[in-house]
Structure formats: structure tokens, C-alpha cells
2 protein chains.
Amino acid sequence: MRVQDSRDSGPNSRLAVVLVNTRNPLNIGAAARAMSNFGFFDLRLVNPYEAAFREAVSGVGAGAVLASARVFNDIASAVADCSLVVGATGLGNRTPQQALHRLERAGRLMRRHLAASRAALLFGSEKSGLANEEISHCHWLLRIPTRPEHESMNLAHAVAVCLYELIRKPSEARRMPEEAILASGEEVERFTRLLEEALQLSGHTDYTRATGASEKTHRLVRRLALREHDIHIWTGMLRQILWKLRNP
Amino acid sequence: MRVQDSRDSGPNSRLAVVLVNTRNPLNIGAAARAMSNFGFFDLRLVNPYEAAFREAVSGVGAGAVLASARVFNDIASAVADCSLVVGATGLGNRTPQQALHRLERAGRLMRRHLAASRAALLFGSEKSGLANEEISHCHWLLRIPTRPEHESMNLAHAVAVCLYELIRKPSEARRMPEEAILASGEEVERFTRLLEEALQLSGHTDYTRATGASEKTHRLVRRLALREHDIHIWTGMLRQILWKLRNP
């Protein structure tokens, strides 16, 4: 069962990913692929280094994103229809005038905005990120929480991580998985008896003659949390072993 | 001020990133870079397509990760010291026997485990992901919540997104930013008077003669939420304009 394609509506459709002064067409292709993976389709390029970006080969499966990508001469035109402009940046040595939010919080603020309005997320060139002039178009900045010692991310990695944060569902982190169907007490008991028989027949006397051996074996088997499907397989294996022990 | 390098201890040091049957050395380099960005240093390669992976050029700044990467012949050896093995996979058409968790939940489960024990995170080949035999080494699987229509991610993107989820701090999403220092009431009032004067001098009578014009102007200025630093600049601009209005 497939969920409906989210291309034409919803919060994702209100976000424009804007790549500024990107030098490498492969990075444009890779960013487009990450966009397509996470359901974002509005790619805008400001002054890309190579007009041949449409030939970007690494954009596996990202054809739709690249085909509809638009090229602009400056940031102002690229973000003209957006009421929020956010810049992705390493902090570097700059002390930005704008507020700088960690990605976790930035995602929250952007999701809130995208619920009703258009926003742009700007990424600077591979070499130097967003320049100060470019940053001046932003309402605020976001920072991916990388190590200070190695802050600079690959451009498409940064796009992928930011978009993941935007589609991330906090509730999923707390969702309990579908309960595995565990074997019934009767099945576990039958398996345990067979195991005890196998231990005795095999002469594992250190274990079977110790005080409380039976209780220990019961607890040991319970801790396996055997599933209904699996216990039949285990029981079959044990029966076969028992047969061989009795008929050597 | 730099935070301490987390290379030698802590939960991050207990995670091994295991790339299985990776074909393209560039992807190994890119994955290493993402690891370094997020502070993970234990890279293990199972049967990589090209032994020359150490020459991978795209691993900008990932030298330490690549230099200490280890090559194994099979998954069992690669994960021998790990008490949890998780496979990153697209669901594809498989019905996995193992539990499959969305990344949000997988991150939570892995963080819990990494608090005290070692874990491995497996990524399959670029072409086909993890094969069934490879998956059989995993305790459970994780899925990055990509679109069903375009599920397959670039290998290094997937590494980056998974590691981001692991270092992500949920508390950051709710953290209030440092309060911007707003201009004082006195400064705002002075600015508002200057603005009213400028409106009158410029002959903007539609506005200034309307009922409640002064109150409207006050509210208008308050909504700007002018900062202490900025209001001095705005006031200076307005004084200059007023001077020109008076001395045409």
C-alpha cells in the first residue's frame, strides 16, 4: 500500500531548496536526489557554476526535481515568493547578526511556518558556504550540530539531514512496535521439558543434578522470549535431536 | 571555545559503522566524512569492492576515520565485539523476519544501547542494499522515512541522516533562543515621535489626519519589535530625513 504522493500539496510543497553558487553539478544532482527521497520538489539554483546542471548524473531517481528546477540570477528573485528565508550555515568564525538556531529547533520553527506559508532554505557554495551578503537575505540561520573540529559538511549531506529533520515525526520515537506474538505458556513448557530431557540424555549432569536445575532451565527458556512462529521450529529441532540421542 | 573531542569515549565511540560490499571508494570517503562531521570514528568495511579505498578523495577532512578504518572478510568478524547489530534498509518488497523500526525510534533504541554497550550499524551495497544473508546478522532493522515512490537513498546520505538522528538532542527543539535585547520604551517613544513628525512634514495627511492616527502609529512601531542595537540606527536615519525635510 502506497501513501499518496505529496508532490502537489502540503507543507513539503511550500519549501524551496535554494542552492547558491553551487560549483559541482554532481552536488546539485545529489541534493535533488535527497529532496526526492524526502518528498521535496521545489529546487532553485542561484547563479550555478555550470549551466549544464540538468545533466547531473548522480541524481539517481531525482529526474522530476531536476527537470523542474529553476535558475535565478540573484537570491532576491529566488526567494521573492517566500515569507521566511533560512540560511544553512556553519558558524565558522562569523558572529552573525541574525539568530542562529540548532537544526532541531530550526526544524520546529520551519514546520510551523510551512503549515501555512512558503519558506526558502538556502545552502551556500561547497567551498565557502553562504557569504555575508547572501546571509543578509535570511531571517535567521540554522546550524547542523556537527563537531566543531569538523564542521563543514558535504553540500548534499547537509540538504539530506535538514530535510530529514523537516519530515521527522517525533511521535515515531515513542511509538511501541507491533507486539511480537510470543509463544503460549503451554508451548514454552513443552519445549522446556524436551530441553530437560535432552540435557539428561546427553549426560550434562553438572547442570541437571545441581540444586534447582529445573527452575533454572525454566527461567533460562523464558528469557528467550520465544515467538509463536519460532518455538515450533525450535521444538522440531529438539525432537530431532532427542530422536538421535535415543537412537544413536 | 571548543568542546572536547569525543573521539575516545562516550556513546559515539561505541558505534561501529559497517559498510558491506561497498562498490565505490568515493562513497566510502563520503560516508567517512559524514562520520567525522558527527563525531563517529569506527569505520569497518566488509569485502569492499576496491581495496584502494584509502585513496578515496571525497572524504574531505575525514582522514582520521579513513586511516583507522578496518577491512573484514565477513559480517560475523566485523561485528564480533558488538552486542547489537542493526541493519539500515529500505523495506523494498521484502517482508523481513526481524522487527523494522522507523529511524526516529531506532535512534532512541540505539542511543539507549550505546549508553553502555557496543553496537554496529550496517549499510549494504549502493546497488542493492543489504542482502537477506546479510540481514540475518542483524537483531533488527531500521528504515529512514523516505517516500515509498523514491525510497533508495545515496549511501553516504543515509549514513549522514542516521548519525544525525543518533547525535540529535530532542531538548534542543524546545529550547528558547537567547532573548533579543529589545529597545526600551523611551527609545521606542522617541522614534515614534520622530516618525510622526516626518509624516507630517512630508504631507502624508491621509494618514496623519485620520482618527486615532497617533495610536495607530504607536501600534505600528511596537509591532516591529525593534532591538536596542537597531533602534539607534533607525533613529539616526529618521533624524537625517527630518533634517532634509526641514532644509530642502
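Bear in mind the structure is a predicted one, so any value in this text is a computation, not a measurement.

The rules behind the values
- Residues numbered from 1 in each chain as written.
- Chains lettered and ligands numbered in written order.
- Predicted model: local features only at pLDDT ≥ 70, side-chain atom pairs only at ≥ 80, totals over all residues.
- Heavy atoms only, no water.
- Helix = DSSP H or I, 4+ residues; strand = E, 2+ residues; numbered from the N terminus.
- Buried < 20%, exposed > 50% of the residue type's maximum accessible area, 1.4 Å probe, protein only.
- Contact = heavy atoms within 4.5 Å.
- Areas by Shrake-Rupley, 256 points an atom, 1.4 Å probe, with all protein chains shown as cover.
- Pairing = 2+ DSSP bridges.
- Salt bridge = Lys/Arg side-chain N within 4 Å of Asp/Glu carboxyl O.
- Buried area = accessible area lost by both parts, 1.4 Å probe.
- Polar contact = N/O pair within 3.5 Å; in protein donor to acceptor, adjacent residues only side chain to side chain.
- Nonpolar A, V, L, I, M, F, W, Y, C, P; charged D, E, K, R; others polar.
- Patch = residues over 30% accessible without salt bridge, like charges linked within 9 Å, V, L, I, M, F, W, Y side chains within 5 Å.
- Lys, Arg positive; Asp, Glu negative; His and termini not counted.
- Charge placed at Lys NZ, Arg CZ, Asp CG, Glu CD.
- Phe/Tyr/Trp six-rings, centres within 6.5 Å; stacked < 30°, edge-to-face > 60°.
- Right-handed = clockwise from strand over helix to strand, strands pointing away.
- Domains from an automatic or database assignment.
- Disulfide = S-S within 2.5 Å.
- Expected span 1.5 Å × (residues − 1).

A word on the overall build of chain A
Move 1: A count of helical and extended segments in chain A gives 11 helices and seven strands.
Move 2: Within chain A, the fraction of its 248 residues that count as buried is 46%.
Move 3: Long-range contacts, defined here as pairs at least 24 residues apart, represent 83% of the contacts in chain A between residues at least 6 apart.
Move 4: Accessible surface, chain A: about 13000 Å² in total, of which carbon and sulfur atoms supply 52%.

So, the pairing of strand β7 (residues 140-143) of chain B
Residues and elements named next belong to chain B.
Move 1: Judged by which residues are buried, β7 turns out to be covered on both faces: W140 and L142 on one side and L141 and R143 on the other are all buried.
Move 2: With three bridges joining them, strand β4 (residues 84-88) and β7 adopt parallel strand pairing. Bridge pairing in β7 links G87 to L141.
Move 3: In this sheet, β7 lies alongside strand β5 (residues 100-102) in parallel orientation, the contact comprising three bridges. Bridge assignment links H101 to a residue of β7, and that residue is L142.

Examining the pattern of salt bridges
Move 1: Per the counting criterion, the structure on display carries 26 salt bridges over all chains.
Move 2: One salt bridge connects A:R118 with A:D81, and the closest N-O pair in it is separated by 3.2 Å. Taken together, the residues A:R118 in the loop between α4 (103-114) and β6 (119-123) and A:D81 in the loop between α3 (75-78) and β4 (84-88) connect sequence positions 37 residues apart.
Move 3: Between B:R118 and B:D42 there is a salt bridge, and its shortest N-O distance comes to 3.3 Å. Residue B:R118 is found in the loop between α4 (103-114) and β6 (119-123), and its partner B:D42 is found in strand β2 (residues 42-46); the two are separated by 76 residues along the sequence.
Move 4: Under the relative-accessibility criterion, B:R118 is labelled partly exposed at 27%.
Move 5: Several salt bridges share partner residues, and in doing so they unite A:D42, A:R44, A:R70, A:D81 and A:R118 into one network.

Quick word on the interface of chain A and chain B
Move 1: Listed by partner, the interface residues are 51 residues for chain A and 50 residues for chain B.
Move 2: Taken together, the two surfaces of chain A and chain B that pack against each other cover about 4200 Å², and 50% of this comes from carbon and sulfur.
Move 3: Considering only the surface of chain A that becomes buried against chain B, A:N37, A:R147 and A:Y164 emerge as the three largest contributors, covering 16% of it.
Move 4: On inspection of chain A and its partner chain B, the count reaches four salt bridges.
Move 5: Of the charged contacts, one joins A:E165 and B:R168 as a salt bridge, the two residues approaching to 2.8 Å between their closest N and O atoms.
Move 6: Our count for the chain A to chain B interface comes out at 22 residue pairs in polar contact (both at pLDDT 80 or more).
Move 7: Taken together, the elements giving at least two residues each to the side of chain A that touches chain B come down to α1 (25-38), β5 (100-102), α4, α6 (155-167) and α7 (170-174) of chain A.
Move 8: No other element matches the seven residues that α6(A) contributes to the side of chain A that touches chain B.
Move 9: Looking at side-chain class alone, the side of chain A that touches chain B contains 20 nonpolar, 13 polar and 18 charged residues.

Quick notes on a nonpolar patch on the surface
Move 1: On the surface, a cluster of nonpolar side chains totalling about 230 Å² of accessible area is made up of A:L201, A:I241 and A:L245.
Move 2: Structurally, A:L245 is set in helix α11 (residues 228-246).

A short note on a positive patch on the surface
Move 1: Residues A:R108, A:R112, A:R174, B:R108, B:R112 and B:R174 make up a contiguous surface patch of positive charge.
Move 2: Of all elements in the fold, only α4 of chain A together with α4 of chain B reach the threshold of two or more residues within the positive patch.
Move 3: Assignment of secondary structure puts A:R174 in helix α7.

Thoughts on the packing of aromatic side chains
Move 1: Applying the stated criterion to the full structure yields three aromatic pairs over all chains.
Move 2: Residues A:F38 and A:Y164 carry aromatic rings whose centres are separated by 6.1 Å and whose planes lie at 50° to one another, so their mutual orientation is tilted. Linking A:F38 in helix α1 with A:Y164 in helix α6, this pair joins segments that are 126 residues apart in sequence. One exposure class covers both A:F38 and A:Y164, and it is buried.
Move 3: The interplanar angle of 85° and the centroid separation of 6.5 Å between the aromatic rings of A:Y164 and B:Y164 together place this pair among those described as edge-to-face. Here B:Y164 lies in helix α6 (residues 155-167) and A:Y164 lies in helix α6, a pairing that spans two chains.
Move 4: Classification of A:Y164 by relative accessible area gives buried; the value is 0%.
Move 5: Three or more aromatic residues link up through ring pairs in this structure, and these residues are A:F38, A:Y164, B:F38 and B:Y164.

Thoughts on the pairing of strand β1 (residues 15-20) of chain B
Residue and element names in this part refer to chain B.
Move 1: The element β1 is largely enclosed, with a buried count of six among its six residues.
Move 2: By the alternation rule, side chains of β1 split into L15, V17 and L19 and A16, V18 and V20, which are all buried.
Move 3: Here five bridges tie β1 to β2, and the two strands are oriented parallel to one another. Along β2, the bridge assignment pairs L19 with L45.
Move 4: With helix α1 (residues 25-38) bridging β1 and its parallel neighbour β2, the resulting β-α-β unit is right-handed.

Things to note about the domain arrangement of chain A
Move 1: For chain A, the assigned domains read domain 1 (11-173) and domain 2 (185-246).
Move 2: Computed from C-alpha atoms alone, the centre-to-centre distance between domain 1 of chain A and domain 2 of chain A is 58 Å.

Focus: the state of the cysteines
Move 1: This structure, assessed with the given rule, holds zero disulfides over all chains.
Move 2: In this structure A:C138 is not part of a disulfide, and its nearest cysteine sulfur, from A:C82, lies 11 Å away.
Move 3: For the unlinked cysteine B:C162, the closest cysteine sulfur is that of B:C138, found at 12 Å.
Move 4: Note on B:C162: relative accessible area 1%, which makes it buried.

A closer look at helix α8 (residues 185-201) of chain A
Residues and elements named next belong to chain A.
Move 1: With 17 residues, α8 ought to run about 24 Å at 1.5 Å a step, and its terminal C-alpha atoms sit 24 Å apart, in line with that.
Move 2: Burial in α8 covers these residues: E187, V188, F191, T192, L194, E196, A198 and L199.
Move 3: Summarising the contacts, the buried residues of α8 are in contact with α9 (205-208), α10 (213-222) and α11.
Move 4: Remark: G203 follows α8 within two positions and exhibits a positive phi of approximately 80°.

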